[in-house]
Each structure stands twice: as structure tokens, then as C-alpha cells.
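# Residue-level structural notes
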Amino acid sequence: MKIDESKCILCNQCIPYCPVEAIKEGEETCYIVEDECVECGICEKHAGCPVDAFYEGEMDELRKLRKAFSNPLVPHESTAVLGRGTEEMKTNEVTGRFKKGHVGIAVELGRPGIATRFYDVEKVTKKLASIGINKLEPCNPLKPLMKNEETGEIQEKYLNERVLSAIVEFDIDRERVPEALNAIKEVSKELETVFSLDLAGKLENDNTLPAAEIARDLGFDPSINGKTNLGLGRPKAKEGK
Amino acid sequence: MTHTLHRRGPYESLINDFVLFAIPAQGFNEKGSIPKLTKFFDIVIKYDPVNFGDCGTGNKYGVGEKGIRENITESSVVHAVFTDEETMEKAMEEVKEADLGMSVIATGVLDAVDEIAKKVGIERHTIEHSLGIWGNTNLLPDEEILEITTMCGHGMISSNLTQLVISNVKKGTMTPEQAAKKIAPNCHCGVFNPERAAKIIERIVSEN
């Protein structure tokens, strides 16, 4: 995003709207620190600039990438899904993505509201790849950015790009939950940014999610609130592992 | 896209925070989903949600009811926010009876959602927990600010704007309700709960 300095009247109204503090007050106008801006578009859409000084301008591949991972109104070209991740558990009764005995784990880098650079994302993908967890969900928008999925490496040209969030999602056997969560806990100490961590799974016949107990035993604290797929979608996915 | 998962706060606050939304599964049942998602929207809107929206279009405070209804597509995710279990139950029951064949997700206190589901004859399929925030947590704003900002999972509501409106309430230039409505439009998907936000702001102001 850019500010037309010939229009800006330095009212500063826009500054608090920026989730990543990329808008600064200059001597005569406000300006945007390009390297900090994640292209979420909130300033242009909601800050109510009295002189319409915000404009997007020409965007190269890397600015478009920032936008795709930061502006929820923009679907990823590769997936047609709005937002940063995939449908994950939301359509599980139809897609059969997480079957019984399997667990979905997602590392939502940059959330809540801090943003991330892809070099931090790569620390997570490499760490998980080092224990053999390296199969990103086919619709994950990170997939086209990978240099080598086996090793978790991301293409160099993307590493310094900053986005509001990027989600590393994977599906593993329940037995691997301790290994995965411990690896995530370990890599969390190396990050410049934050992440929100998710745990999802199909319920057992007794209406429980054993993986939540496993997480609790490992010292994690599964939230009392969360998302429930009510199982109303059709056609239903076939059962089985 | 776990945009409603990481809402934070104590039970007493979260129990007044429910989101019900419908989503087609791309590649499985998105074809022909527009009338089904529209029907879902028509059902939930009857129960007077405090916010509603569609990720690709906007929310109650932006495009409004007509704008959302007329622009539903096969990749829409249609949301409604409720503040009590009774209303959530009525909306969920009618959605179930409508038998739309779309995936429907209920966000809220998991045990409460389970109880509601049982009452209306729904067996839960899959659940998702948040395991909290990790990494360089020194960067985070105060927990009370997070209780508000995490109601927009896409991070469109900045902590600085939230602090600004709280400061305005403290100065007496805004009511908590006005403050909540000032920040609500930024959450495109319409999953932000302005009623709950106003209560949190009121609590923050009274404690300081």
C-alpha cells in the first residue's frame, strides 16, 4: 500500500488502524514503511482517510504474495480459498481429511495480529521435516512457495517477505502427537514472531478427542472453546484410515 | 483458515460468544451451493445475530444484509454471531431441519455447543481446540486487548485501534458500545462479537 503524499494532510487518523504499525508520521505527511507493510488493505478500506490518499499501485510478485497471505478478501490464486490456510476441519465430514486416529495440527504463524516473515515459517517447516512431518496439505497456499518439501526449505526469494499470517498444517497419526508437539514447542523458542497452535480431530464413538488428553499430558492447555463441525455436510466421506 | 478458533477470555465471557457458519467443500459440493448458503443466511438472520458476514463480501457494518445475501458465491463462508445459548439452539435446530447438505460449524465453549447439539439431535463430527499462543509472546499486547482483537482471527483489528477506542471510553467521548462498533467493521468476515467487546471494554475501563 502507498500514501499519495500530495494528498495526505497528516491528520494521523489512519495510524492506529494498521495491524503491523507500518504507517508512520512524517514531517509533512504520513508514510508507509514498505518493508513492514503486509498489504492487508485495512488502511485503504477502513481508516476513513478524508482525502483518499491510500492507493495500491503496481504490485510485483512479492507484494502480491504479501497481499494473498494478509488480506482475507483476496483468495489465493492457487487454492481459491479465502484466508491463509485451508478448509481444514470445517468440511471434514465431506472431505474425510482427518480420519479417526488421525490428528490435524496447525501452526498459525504471525497470529494473533503480529505478522511473520517466511524465514520464521521455514524454521517451523524445517523442524517438522527433520522428524519426517513434511507433507503439507495439497491446498495449503504455502505449498507453491516451497523449494523442497522433504527438507522444509522455502524458496530464498520469499524468506524475507512479511505477511499477516501463514499456516503450517499437517495431518498425522495420533501416536505422533507427542513428537510433533514437542518439536513445535522446541522451535517456538527460535522464532522472532508468535504463532497460534491448533489441534483438530474426528471424534471417537464416545464423543471424545483423545489427542486433547495427549496434549494436556504434554503440558499444553487445550482451550475450553473451539470449533465444532456438526457433521451436516454431504456427501459424507467414506470411513476408514 | 481458523478464523474463529482462538477467541480468548474466561468462561463467563466466552459463554456469551457463539458463531454459526456454513461452508461448501471445494471440489466436493460447491456446485449448486449458492441457494443452500442463501437459505442458511436467511435462517440465521431471523434470529437477529449481533454480527454476520461473508469472508469474500463483508459484514453487517459494511455491506449489510442485502449486500451479503445478493453476493453469495460458491466459495462463500456465511457467518452469524449469537450471544446466548438459547438463540444458538434455535438457529442450529432450524439449520438442521433445513437439511442443506453444507458443512456447518459452531464456534463457542465446546461443552456448551455439545449440549446444544444433543438437544437438537446432532452428533458432533470433528472438533478443534486452540493450544494457545507460542513463540515470542513478548510482542503481544495485554491479555484484555487480546480478548477483543482475537475475535477477528484474520488480525484485521489492530491492538492500537482497540487501545485508542478504550482510551476514548475512559475519557468519556465514547460509550463502550460505540467503541465496539467503531472497530467491528474491520473484521470483514463478520465474526467479531460487538456485544461481547463492549462488555470487555466496560470491564477494562471500570478496572482502571
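Residues numbered from 1 in each chain as written. Chains lettered and ligands numbered in written order. Predicted model: local features only at pLDDT ≥ 70, side-chain atom pairs only at ≥ 80, totals over all residues.

## Notes on the interface of chain B and chain A
- The interface is formed by 64 residues belonging to chain B together with 70 residues belonging to chain A.
- Taken together, the elements giving at least two residues each to the side of chain B that touches chain A come down to α1 (11–14), β5 (103–109), α5 (110–119), β6 (126–135), α6 (143–149) and α7 (159–171) of chain B.
- The dominant element in the side of chain B that touches chain A, judged by the number of residues it contributes, is β6(B), at ten residues.
- Split by residue class, the side of chain B that touches chain A holds 30 nonpolar, 29 polar and five charged.
- Here four bridges tie strand β12 (residues 225–229) of chain A to β6(B), and the two strands are oriented antiparallel to one another. Among the inter-strand pairings, Asn229(A) is bridged to a residue of β6(B), identified as Thr126(B). (Contact = placed C-beta atoms within 7 Å. Helix = DSSP H or I, 4+ residues; strand = E, 2+ residues; numbered from the N terminus. Nonpolar A, V, L, I, M, F, W, Y, C, P; charged D, E, K, R; others polar. Pairing = 2+ DSSP bridges.)

## Examining the sheet that holds strand β4 (residues 78–82) of chain B
- Overall, antiparallel pairing links the ten strands, which are arranged β10(A)-β5(A)-β11(A)-β6(B)-β12(A)-β5(B)-β1(B)-β4(B)-β2(B)-β3(B) in an open sheet. Looking along the sheet, the strands with just one partner apiece sit at the ends: β10 (166–173) of chain A together with β3 (58–59) of chain B.
- Direction of pairing for β12(A) relative to β5(B): antiparallel, over a ladder of five bridges. Each bridged residue has a counterpart across the sheet, and for Asn229(A) the counterpart in β5(B) is Ile105(B).
- Those strands touched by helix α4 (residues 118–130) of chain A are β5 (102–109) and β10 of chain A, and its axis lies near 10 degrees from that of β10(A). (Axes fitted to C-alpha atoms, helices over the stretch in contact; angles between N-to-C directions.)

## With respect to the domain arrangement of chain B
All names here are of chain B.
- Looking at chain B, the domain boundaries give domain 1 (11–119) and domain 2 (137–207).
- Between domain 1 and domain 2, the C-alpha centre-to-centre distance is 23 Å.
- The partner domain 2 presents 14 residues to the 17 residues of domain 1 that form the contact.
- Contributions of two or more residues to the side of domain 1 that touches domain 2 are made by β2 (51–54), β3 and β4. (Domains from an automatic or database assignment.)

## Details of the domain arrangement of chain A
Residues and elements named next belong to chain A.
- By the assigned domains, chain A splits into domain 1 (2–58) and domain 2 (88–217).
- Summarising the inter-unit geometry, the C-alpha centres of domain 1 and domain 2 are found 33 Å apart.
- A breakdown of the residues in the side of domain 1 that touches domain 2 according to their chemical character gives four nonpolar, no polar and one charged.

## Structural notes on helix α2 (residues 34–46) of chain B
All names here are of chain B.
- The end-to-end C-alpha distance of α2 is 19 Å, a good match for the 18 Å that 13 residues give at a rise of 1.5 Å each.
- Among all positions of α2, only Leu 37, Phe 40, Phe 41, Ile 43 and Val 44 are buried. For α2, the buried positions fall inside an angular range of 165 degrees around the axis, keeping them on one side. The outward face of α2, more than 90 degrees from its buried face, is lined by the exposed residues Pro 35 and Lys 46.
- Buried positions along α2 lie against β1 (18–23), β2, α3 (64–69), β4 and α4 (85–98).
- Of the residues trailing α2, Asp 48 is marked for its positive phi of about 55 degrees. (Expected span 1.5 Å × (residues − 1). Buried ≥ 20, exposed ≤ 12 C-beta atoms within 10 Å, placed from the backbone. Arc of directions from axis to C-beta.)

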